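# Report on the structure
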Amino acid sequence: MNQKVAVFRKEHFNAAHRLFCADWSAEKNWEVFGPCSNPNYHGHNYELIVQVNGVPDPITGFVINTKDLTKIVDEEVKARFDHKNLNLDTEVFKNLNPTAENIAIVIYNLIRPRISESLDLKIRLYETERNFVDYPA
Ligand code: NI
């Protein structure tokens, strides 16, 4: 019997970004990225949902202690990205376009080593209410 349970922690952070390819003209960048390519950056209110799947521990009844999960997300994600300019203030996005896709992959890779290998991790990131991504797909 599959007794896996999905546990979710919802978090929020604000960050500025700009999507562009340095090799392209301003027109080409606008064509592909639209207002997200504005040279002076803009902000998003990111909603982050961290999902951990696993079998509850027979003693605690927890898949993961949400107190621990919250601490991990605070340290790995919020401390790094909240109220930051992703392009300018973070190493990881200096040469990587900070799309929702790439941010979700980066967040996964930051959190994964801190979660037990017996648990599955999934990241859902909302860039706007209507645009969101899941990683892994
Ligand atoms: Ni944007």
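To be clear, the structure that these remarks concern was listed above.
Residue numbers restart at each chain and count upward from 1, following the sequence in its written direction. Local features in this predicted model are restricted to residues of pLDDT 70 or higher, and side-chain atom pairs are both shown and tallied only at a pLDDT of 80 or more, whereas totals for entire chains, interfaces and linings draw on every residue. With hydrogens and water set aside, each side-chain value is computed from the structure's full complement of heavy atoms.

### Observations concerning the pairing of strand β4 (residues 120-126)
Pairing analysis gives seven bridges linking strand β2 (residues 42-54) to β4, with the strands arranged antiparallel. Directly across from Val 50, in β4, lies its bridge partner Ile 123. For two strands to be treated as a pair, DSSP must find at least two bridges joining them. Secondary structure is summarised from DSSP: a helix means a run of H or I of at least four residues, a strand means a run of E of at least two, and numbering begins at the N terminus for each. Here four bridges tie β4 to strand β5 (residues 132-135), and the two strands are oriented antiparallel to one another. Within β5, the position partnered with Ile 123 by the bridge is Tyr 135. What sits between β4 and β5 in their antiparallel hairpin is a turn of five residues.

### Here we look at the coordination of the nickel ion
Within the protein, the atoms that donate to the nickel ion are His 17 (NE2), Cys 36 (SG), His 42 (NE2) and His 44 (NE2), at distances of 2.1 to 2.2 Å. Only nitrogen, oxygen and sulfur atoms qualify as donors, provided they sit within 2.8 Å of the metal or within 3.2 Å for Na, K and Ca; with water excluded from the atoms, sites may seem incomplete. Note on geometry labels: four donors, all angles 85 to 135 degrees, give tetrahedral; four donors become square planar and six octahedral when opposite donors are over 155 degrees apart and every other angle is between 65 and 115; remaining cases are irregular. Classification of the site at the nickel ion as irregular follows from its four donor atoms and the range of 93 to 137° in their angles at the metal. Mapping the donors of the nickel ion onto the primary sequence yields the spacing H-x18-C-x5-H-x1-H. Residue His 17 is located in strand β1 (residues 5-17), and its partner His 44 is located in strand β2; the two are separated by 27 residues in the primary sequence. Exposure class is identical for His 17 and His 44. Each is buried. Residue exposure (1.4 Å probe, protein chains only): buried if accessible area is under 20% of the type maximum, exposed if over 50%, otherwise partly exposed.

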